[in-house]
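One letter stands for each residue in the lines below.
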Amino acid sequence: MTHYHEYHYLENIKTTLGRKAHGQFRRAIKKPMTRFAREMARNLISGDIYYPVSDRQNRPGRNHLATVKIAEGRMMLEENCYFANPLTIAEAEYGADGKAQYPAPMSRTRIGKYQVYTFEFDYADVAFFELQLGWLRSSGKKSTDCAIGRFFKACTQWADFRGITVNWSGHKSLHIHVIFEMSAYIEKFGEPDAGLREGLIEHWNDLETMLLQHLDLTETMLLISTEK
């Protein structure tokens, strides 16, 4: 069943981007919860580690309050449109203005069960957005017969690779999430005492190079990550 508000933006997509894009969005709406989202919902908190989620930009300190609500069944994961990689839970301190303050997220970086590397193209152009949608369209019998599918196949060289999920930001770009499971690494090596964030950024850089190659793009495109 298509809801009223869905009808309006779907019709706008059809008018602006055409029937193929309209079909992609309709199919996505029918299956809003991906395997990735379901798995994340079961692993949002472990001890003092949590995955920040939010229904708005700039939640103070990427705090854990919404995550706790989901874990306790007081909020649905799909009510939130933002998430980030694991952090250490930190309690708020209150200044003279009464506003909650948290230690900087970059100082609380942790390794959770999953590490997600996110990529988006910050380029406001309808034609380029159409190109992005094309990355997900199969040219053959398999769903992997597309640009993102080729990138997926390349990532399977790593045993801890778990998959790729792509979602629309609601504006000018798609968000490409590449997921790795960290359980085996943690069991063998534990968490690094230092340099964790720097190491994760290096891995992001390596994936960026591979992704650009499979999408047949150059580094002149402004590629940004939610983790940078």
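Residues numbered from 1 in each chain as written. Predicted model: local features only at pLDDT ≥ 70, side-chain atom pairs only at ≥ 80, totals over all residues. Heavy atoms only, no water.

**Student:** I'm lost on the overall build of the protein in this one. Help?
**Tutor:** Helix and strand counts for the protein stand at eight helices and 11 strands. On C-alpha atoms alone, the protein measures out to a radius of gyration of 19 Å, which is about the 17 Å that the 2.2 N^0.38 rule sets for 228 residues. Projecting the C-alpha coordinates of the protein onto the three principal axes gives extents of approximately 50 × 45 × 30 Å. Taken over 228 residues, the protein has a buried fraction of 39%. Long-range pairs, those at least 24 residues apart, make up 63% of the contacts in the protein with a sequence separation of at least 6. Summing over all exposed atoms, the protein offers an accessible surface of approximately 13900 Å²; the carbon and sulfur share of this is 52%. Each charge class in the protein was averaged separately, 29 positive and 28 negative side chains, and the resulting centres sit 9 Å apart. (Helix = DSSP H or I, 4+ residues; strand = E, 2+ residues; numbered from the N terminus. Rg over C-alpha atoms; globule rule 2.2 N^0.38 Å. Buried < 20%, exposed > 50% of the residue type's maximum accessible area, 1.4 Å probe, protein only. Contact = heavy atoms within 4.5 Å. Areas by Shrake-Rupley, 256 points an atom, 1.4 Å probe, with all protein chains shown as cover. Lys, Arg positive; Asp, Glu negative; His and termini not counted. Charge placed at Lys NZ, Arg CZ, Asp CG, Glu CD.)

**Student:** What should I look at first to understand the pairing of strand S8 (residues 114–121) in this one?
**Tutor:** Each regular strand shows side chains that alternate between the opposite faces of the sheet. In terms of burial, S8 is largely enclosed, as eight of its eight residues are buried. Judged by which residues are buried, S8 turns out to be covered on both faces: Tyr-114, Val-116, Thr-118 and Glu-120 on one side and Gln-115, Tyr-117, Phe-119 and Phe-121 on the other are all buried. Here seven bridges tie S8 to strand S10 (residues 174–181), and the two strands are oriented antiparallel to one another. By the bridge assignment, Phe-119 is partnered in S10 with Ile-176. (Pairing = 2+ DSSP bridges.)

**Student:** Where do I start with the packing of helix H6 (residues 147–155) against helix H8 (residues 196–214) in this structure?
**Tutor:** Contact geometry for H6 and H8: axes closest at 9 Å, N-to-C directions at 140°. As far as their axial angle goes, H8 and H6 are oblique. Helix-helix and strand crossings are classified by hand; for H6 and H8 the assignment is right-handed. Contact with H6, carried on its side by Ala-147, Arg-150, Phe-151, Ala-154 and Cys-155, involves Leu-207, Met-210, Leu-211 and His-214 of H8 and no other residues of that element. (Axes fitted to C-alpha atoms, helices over the stretch in contact; angles between N-to-C directions. Parallel < 35°, antiparallel > 145°, perpendicular 65-115°, else oblique. Left-handed = near helix turned anticlockwise from the far one by under 90°.)

**Student:** Whenever I open this one, the side chain of Gln-24 confuses me. Can you help?
**Tutor:** Relative to the helices and strands, Gln-24 resides in helix H2 (residues 19–30). For Gln-24, a relative accessible area of 14% gives the class buried. A polar contact of 3.2 Å, which involves the side chain of Gln-24, links it to the backbone oxygen of Leu-133. Residues contacting Gln-24, with those up to four places away along its chain left out, are Leu-133, Leu-136 and Arg-137. (Polar contact = N/O pair within 3.5 Å; in protein donor to acceptor, adjacent residues only side chain to side chain.)

Limitation: the analysis is restricted to geometry and does not speak to function.
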